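So the chains spell out like this:
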Amino acid sequence: MLRLVVFALFLGICASAGKQKKKETPQSLSRGWGDSIRWVKSYEVGLLEMVKRKKPLMIIHHQDNCQHSQALKKAFAADKSIQKMAEKDFIMVNLLVETTDENIAPDGHYVPRILFVDPSKTVRTEIVGKFPTHLYTYEPADMMLLAKNMKKAKIMLKAEL
């Protein structure tokens, strides 16, 4: 009888240990920048989608191990107006790895940086942040400027269509 109780207890522990294993969920393309946004897989896919859907492409260059990228990501994901515009009006891509296209590094390779490309595949180098040495970088406190620049990218697109 004691063996039966010990055996049942052992089975119960083994069964509950199996249930506690976390299922590995694949990392979302959002990488924490906003799960409600439709993110494209790569820069190349973003260019194709941008032309097809006639929306500007917003490219976010960042690194997981960069504290500035992480702080910007948190502010970006928390800003409802930016999330709404990104979801509705842009083709969105966030890149951890640089591309070979030097056009999207007009003032160098650094993170974080955000650039806009219009459906004619023109990088909108005139849409900049507030820093004179790293023109396309933003800080968490710059969400109003980023929202303004997103609106500017939309207006430029409409003016050219």
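Remember, predicted model here, so these are calculated numbers, not experimental data.

The rules behind the values
Residues numbered from 1 in each chain as written. Predicted model: local features only at pLDDT ≥ 70, side-chain atom pairs only at ≥ 80, totals over all residues. Heavy atoms only, no water. Buried < 20%, exposed > 50% of the residue type's maximum accessible area, 1.4 Å probe, protein only. Helix = DSSP H or I, 4+ residues; strand = E, 2+ residues; numbered from the N terminus. Pairing = 2+ DSSP bridges. pLDDT = per-residue confidence, 0-100. Contact = heavy atoms within 4.5 Å. Phe/Tyr/Trp six-rings, centres within 6.5 Å; stacked < 30°, edge-to-face > 60°. Lys NZ or Arg CZ within 6 Å of the ring centre and 35° of its normal. Axes fitted to C-alpha atoms, helices over the stretch in contact; angles between N-to-C directions.

A word on the pairing of strand E1 (residues 57-61). With five of five residues buried, E1 is to be regarded as a mostly interior element. Burial along E1 is two-sided: the residues Leu-57, Ile-59 and His-61 and Met-58 and Ile-60 are all buried. Relative to strand E2 (residues 91-95), E1 runs parallel, the two being bridged by five bridges. Residue pairing across strands places Leu-57 opposite Ile-91, the latter belonging to E2. Pairing of E1 with strand E3 (residues 113-117), which is carried by five bridges, proceeds in the antiparallel orientation. Looking at E3, one finds that Ile-60 is bridged to Ile-114.

What follows covers the confidence of the model for the protein. A residue-level look at the protein finds 81% of positions with pLDDT of 70 or above and a mean pLDDT of 87. Across residues 2-26 the pLDDT falls below 50, and counting only partners more than four positions away or on other chains, this stretch makes zero contacts in the model.

What follows covers the packing of aromatic side chains. Counting across every chain of the model gives two aromatic pairs. Measuring from centroid to centroid gives 5.3 Å for Trp-33 and Phe-76, while their planes differ by 75 degrees, and the two rings are edge-to-face. One end of the pair, Trp-33, is in the loop between helix H1 (2-20) and helix H2 (43-53); the other, Phe-76, is in helix H3 (residues 67-78), with 43 residues separating them in the sequence. With respect to burial, Trp-33 and Phe-76 carry one shared label: buried. Ring geometry for Phe-90 versus Phe-116: centroids 5.9 Å apart, planes at 50 degrees, classification tilted. Of this pair, Phe-90 sits in the loop between helix H4 (80-89) and E2 while Phe-116 sits in strand E3, placing them 26 residues apart in sequence. For the pair Phe-90 and Phe-116, a shared accessibility class is recorded, and that class is buried. Looking at Arg-113, its charged tip hangs above the ring of Tyr-110, at a distance of 5.7 Å from the centre.

This brings us to the pairing of E3. Judged by how many residues are buried, E3 sits mostly within the fold: five of five residues are covered. Burial of the side chains of E3 extends over both faces: Arg-113, Leu-115 and Val-117 are buried on one face and Ile-114 and Phe-116 on the other.

The subject of this paragraph is the sheet that holds E3. An order of E2-E1-E3 is seen for the three strands of this open sheet, with the pairing classed as mixed. Bordering the open sheet on either side are E2 and E3, each of which pairs with just one other strand. Averaged over all pairs of adjacent strands, the angle between their axes in this sheet comes to 15 degrees, without regard to strand direction. Against the sheet, H2 contacts E1, E2 and E3, and its axis sits at roughly 170 degrees relative to E2.

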